[in-house]
Amino acid sequence: MTDAVPSLEVSGLAFAYPDGHQALFGVDLTVGRGERVALLGPNGAGKTTLVLHLNGILDGGAGSVRVAGLPVDKRNLAEIRRRVGIVFQDPDDQLFMPTVREDVAFGPAAAGLRGAELAACVDKALSLVGMAEFADRPPHHLSFGQRRRVAVATVLAMEPEILVLDEPSSNLDPASRRELADILRSLDVTVLMVTHDLPYALELCERSVILSNGVIAADGTTRELLCDEETMRAHRLELPFGFDPRSVAARPATTGGR
Ligand SMILES: Nc1ncnc2c1ncn2[C@@H]1O[C@H](COP(=O)(O)OP(=O)(O)OP(=O)(O)O)[C@@H](O)[C@H]1O
Ligand SMILES: [Mg+2]
């Protein structure tokens, strides 16, 4: 029956920054268990502001956020941060330990894992992203794409209820971009992915929502949204030159949720 509880329920979320700039004006968004949803929208729409509410980095506005039924508020913050894995746009905001292994171990160790159990958890997360042989390297010696993968591993090690990625494909070379897509597809986890990379959204996410001026302006299948020229224009979304979403064959339905 627990599958009936959505991974994420955002309701009436409104938020103004301390300088008075209002970024969110009542966001409603529900993401079911095992769904992969792309969060699209122009620069300044409020996407990152929304993401920062999902694990309580920002709070104090109106409305509510629930993760697997648990309200995001100060009393639950430790549990919420175990459940919500955020991969920030810049991996350097996430990696701060002397070695890759320590970075990936940080969260699980804080959650109480020790010894062989902790080592196994770190190895598993690094293997998932193909970075096991980098465990003893300092993160700052890695390339950007490698650091992005390690950032994903730090989050996977927590076995989150929902994986939230802010611009995961930015600054990746085409092979790394595809490899990250393969990793994301292979995971059995709910995903909310902020992206300006519309082909990536189409490839990975059956459903997309458009955040525009601090509200959800559209919600539907990614293919339909990308083919809706009026909606796309209204929200400053543009497909790459020569890319026709109609010409991309639908990916065979995967096993989807759990
Ligand atoms: N710390 C801040 N103080 C005041 N205003 C802010 C702050 N951070 C963001 N904003 C404003 O809030 C609005 C939403 O910003 P946000 O970063 O959420 O947009 P975004 O959709 O993530 O954009 P992008 O696609 O460029 O990453 C913008 O108008 C921005 O200028
Ligand atoms: Mg942003």
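Residues numbered from 1 in each chain as written. Chains lettered and ligands numbered in written order. Predicted model: local features only at pLDDT ≥ 70, side-chain atom pairs only at ≥ 80, totals over all residues. Heavy atoms only, no water.

Chemist: Would you take a moment to explain the state of the cysteines for this structure?
Modeler: Here, disulfide denotes a covalent bond that connects the sulfur atoms of two cysteines. With the rule as written, the count across this model stands at zero disulfides. No disulfide involves Cys205; its sulfur sits 16 Å from that of Cys227, the nearest cysteine. Residue Cys205 is classed as buried on the basis of its relative accessible area of 2%. (Disulfide = S-S within 2.5 Å. Buried < 20%, exposed > 50% of the residue type's maximum accessible area, 1.4 Å probe, protein only.)

Chemist: Help me out: how do you make sense of the packing of helix α3 (residues 100-110) against helix α5 (residues 144-156) in this one?
Modeler: For any two helices packed against each other, one specifies the inter-axial angle together with the distance between the axes. The N-to-C vectors of α3 and α5 enclose an angle of 30°; their axes lie 7 Å apart at closest approach. Judged by the angle between their axes, α3 and α5 are roughly parallel. The interaxial crossing formed by α3 with α5 has right-handed handedness. Contacts between α3 and α5 involve Val100, Asp103 and Val104 from the former and Val150, Ala153 and Thr154 from the latter. When the residues that make up the contact of α3 with α5 are grouped by side-chain class, the tally is four nonpolar, one polar and one charged. (Axes fitted to C-alpha atoms, helices over the stretch in contact; angles between N-to-C directions. Helix = DSSP H or I, 4+ residues; strand = E, 2+ residues; numbered from the N terminus. Parallel < 35°, antiparallel > 145°, perpendicular 65-115°, else oblique. Left-handed = near helix turned anticlockwise from the far one by under 90°. Contact = heavy atoms within 4.5 Å. Nonpolar A, V, L, I, M, F, W, Y, C, P; charged D, E, K, R; others polar.)

Chemist: Explain the sheet that holds strand β4 (residues 62-67) to me, please; I cannot follow it from the model alone.
Modeler: In spatial order, the strands read β2-β1-β4-β5; together these four strands make up an open sheet with antiparallel pairing. The open sheet has two free edges, formed respectively by β2 (22-31) and β5 (70-71), since each of these has just one partner strand. Sheet topology note: the strand β1 (residues 8-16)/β2 ladder contains seven bridges and is antiparallel. The residue bridging Phe15 from the neighbouring strand is Leu24, located in β2. (Pairing = 2+ DSSP bridges.)

Chemist: I'm lost on the site of ligand 1 in this one. Help?
Modeler: With respect to spatial proximity, 13 residues lie near ligand 1, and among them Gly44, Lys47, Thr48, Thr49 and His196 are the closest. Side-chain polar atom of His21 to an oxygen atom of ligand 1: 3.0 Å apart, as the coordinates give it. Burial of ligand 1 by the surrounding chains reaches 65%, relative to a free accessible area of 640 Å². Examining the composition of the shell around ligand 1, we find that three residues originate from one element, helix α1 (residues 47-53), more than from any other. When grouped by side-chain class, the residues that make up the shell around ligand 1 number four nonpolar, seven polar and two charged. (Near = heavy atom within 4 Å. Polar contact = N/O pair within 3.5 Å; in protein donor to acceptor, adjacent residues only side chain to side chain. Areas by Shrake-Rupley, 256 points an atom, 1.4 Å probe, with all protein chains shown as cover.)

Chemist: I'm lost on the sheet that holds strand β3 (residues 36-40) in this one. Help?
Modeler: Hydrogen bonding along the main chain pairs the strands of a sheet, whether they run parallel or antiparallel. Across the sheet, which stays open at both edges, the six strands sit in the order β6-β7-β8-β3-β9-β10 with mixed pairing between neighbours. This sheet does not close on itself; its edge strands, each paired only once, are β6 (84-87) and β10 (215-221). The sheet shows a mean angle of 20° between the axes of neighbouring strands, direction not considered. Examined bridge by bridge, β6 and strand β7 (residues 162-166) share four bridges and lie parallel to one another. Among the inter-strand pairings, Gly85 is bridged to a residue of β7, identified as Leu163. Where α5 meets the sheet, its contacts fall on β6 and β7, and the angle it forms with β6 comes to roughly 170°.

Chemist: Sorry, what's going on with the side chain of Thr190 here?
Modeler: Among the secondary structure elements, Thr190 is positioned in strand β8 (residues 190-194). By relative accessible area, which is 0% here, Thr190 ends up buried. In terms of polar contacts, Thr190 uses its side chain to reach the side chain of Ser7, at 2.7 Å. A polar contact is formed between the side chain of Thr190 and the backbone nitrogen of Gly34, at a distance of 2.9 Å.

Chemist: How do you make sense of α5 when you look at a structure like this?
Modeler: For α5, spanning 13 residues, the distance from its first C-alpha to its last is 18 Å, which sits close to the expected 18 Å at 1.5 Å a residue. In terms of residue burial, α5 counts as a mostly covered element, since 11 of its 13 residues are buried. Residues of α5 that are buried: Gly145, Arg147, Arg148, Arg149, Val150, Ala151, Val152, Ala153, Thr154, Val155 and Leu156. (Expected span 1.5 Å × (residues − 1).)

Chemist: Sorry if this is basic, but what is going on with the pattern of salt bridges here?
Modeler: A side chain with one charge may pair with a side chain of the opposite charge, provided their charged atoms come close. Inspection of the entire model under this criterion finds 17 salt bridges. In this structure, the salt-bridge partner of Arg178 is Asp182, at a minimum N-O distance of 3.0 Å. On the criterion of helical spacing, the pair formed by Arg178 and Asp182 is a turn pair, its members being four residues apart in helix α6 (residues 174-186). Here Asp182 falls in the partly exposed class, since its relative accessible area comes to 34%. When salt bridges with common partners are traced through the structure, they connect Arg178, Asp182, Arg185 and Glu203 into a single cluster. (Salt bridge = Lys/Arg side-chain N within 4 Å of Asp/Glu carboxyl O.)

Any functional reading would require information beyond the geometric quantities listed.
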